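# Chains, contacts and geometry: an overview
So you can see what is in the structure, the chains are spelled out below.
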Amino acid sequence: MAGTLVVIPTYNERENLADMVARLRAAVPAASVLVVDDSSPDGTGELADELAAADAAVTVLHRTSKDGLGAAYLAAFGWALERGYDPIVQLDADGSHLPEQLPRLLEALERPDAAGRRPDLVIGSRWVPGGSIENWPRHRELLSKWGSAYARMVLRLDTRDATAGYRAFRAAGLRRIRLEDVHTRGYGFQVDMLWHAREVGLTVVEVPVTFVERVRGHSKMSPAIVLEAMVRVTVWGVRSRFGPRRPKASAADGSGSAAGHTRA
Ligand SMILES: Nc1nc2c(ncn2[C@@H]2O[C@H](COP(=O)(O)OP(=O)(O)OP(=O)(O)O)[C@@H](O)[C@H]2O)c(=O)[nH]1
Ligand SMILES: [Mg+2]
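Our subject in this report is the structure included herewith. What you see is a predicted model, and the numbers here were worked out from it, not measured in a lab. Within each chain, residues carry numbers counting from 1 in the order of the written sequence. Lettering for chains starts from A, numbering for ligands starts from 1, and both go in the order in which the items are written. Side-chain atom pairs in this predicted model are given and counted only at pLDDT of 80 or more, local residue features only at pLDDT of at least 70, and totals for whole chains, interfaces and linings cover all residues. For side-chain calculations, the full set of non-hydrogen atoms in the structure is used, while hydrogens and water are omitted.

### What to know about the packing of aromatic side chains
Only centres within 6.5 Å qualify two rings of Phe, Tyr or Trp (six-membered ring in Trp) as a pair; their planes then separate them into stacked at under 30 degrees, edge-to-face at over 60, and tilted for everything else. Evaluated as defined, the whole model comprises 7 aromatic pairs. Look at tyrosine 73 and phenylalanine 189: their rings are 5.8 Å apart centre to centre, the planes differ by 10 degrees, and that puts the pair in the stacked class. In this pair, tyrosine 73 sits in helix 3 (residues 69-82) while phenylalanine 189 sits in helix 7 (residues 188-199), placing the two residues 116 residues apart along the sequence. Overall, the relative accessible area of 0% leaves phenylalanine 189 in the buried class. Two conditions define a charge sitting above a ring: the NZ of Lys or the CZ of Arg must be within 6 Å of the ring centre, and it must be within 35 degrees of the ring normal. Across the ring face of tyrosine 11, the terminal group of lysine 66 is positioned such that the distance to the ring centre comes to 5.0 Å. The cationic tip of arginine 126 hangs over the ring face of phenylalanine 211; the distance from NZ or CZ to the ring centre is 4.7 Å. Helix and strand definitions follow DSSP, with helices as H or I runs of at least four residues and strands as E runs of at least two, each counted in order from the N terminus. Think of it in three bands: residues with accessible area under 20% of the maximum for their type are buried, residues over 50% are exposed, and the middle band is partly exposed, with areas taken using a 1.4 Å probe on protein chains only.

### Focus on the site of ligand 1
If you check the shell around ligand 1, you find 20 residues, and the closest are Glu13, Asp94, Arg140, Ser219 and Lys220. Separating an oxygen atom of ligand 1 from a backbone N or O atom of proline 9 is a distance of 2.8 Å. As used in this structure description, the phrase polar contact means that two N or O atoms lie within 3.5 Å; if the pair is within protein, one of them must be able to donate a hydrogen and the other to accept it, and residues adjacent in sequence are counted only when both atoms belong to side chains. At a separation of 2.5 Å, an oxygen atom of ligand 1 approaches a polar side-chain atom of aspartate 94. In isolation ligand 1 has 630 Å² of accessible area, and contact with the protein removes 94% of it. For each residue, the test is whether any non-hydrogen atom lies within 4 Å of the molecule or strand; if one does, the residue is near. For every accessible area listed, the method is Shrake-Rupley and the probe measures 1.4 Å; residues are considered covered only by the protein chains on display.

Read these as geometric descriptors, not functional statements.
Dropping the structure here:
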């Protein structure tokens, strides 16, 4: 058993990465770290190599060009599943996800529900009681809330924070999703994964987290990323109501069933 892996995708996060890795290693010392860098021009990849040289728990996946958050995560998931990591965590490098709150996600992943079933996916949520945001501009808060509400309505999801990027997957749950069917590059990737999770019957639980606006570096959010998410969510919604094709469970999942449930 290779243990917990925390995946940190990076593009131009030189000012944030060392601090994030140090905080993470202090918060969950047993976890390994995989930095996935898309050849950041600011030298984040080289810094990540230095961190990896100093700490055997840190590994770097270098990719040749900026290909989006979704593609970086998919590459990391394949890497992690091949090596037997379990659970697999997503964490932004920009300080928005507090490493100090990771234990609460990992604890929730082990906590059985009334039926004795442990979740497949735990989401660090801003929009459940106890969740919060710090220093986020009003327009970003509204965009996030509207985006989540739209995805919830169109895709009939139970999850309050559908675009949240702070997540912990049980490896067996992640294996059930056909990752080759997940194509979204930007932050719509989070909704894409959630929709696939729901369709293959993964159990999803939200725990409250504090989301902190980045202090250093620049956001990679763009109008193109928002548009991509909106168009895709709309297409999936139409297809799920009227079309013949729905996400299928991965061949890696022995059951192929969609018997599970999601809950907020
Ligand atoms: N490898 C890789 N990482 C990326 C890419 N785009 C963004 N990231 C990283 O993904 C994480 C989230 O990106 P952010 O720029 O914070 O975007 P966001 O969180 O959606 O937007 P904000 O809320 O404005 O911060 C950060 O760690 C980024 O460095 C990409 O194309 N490739
Ligand atoms: Mg961010």
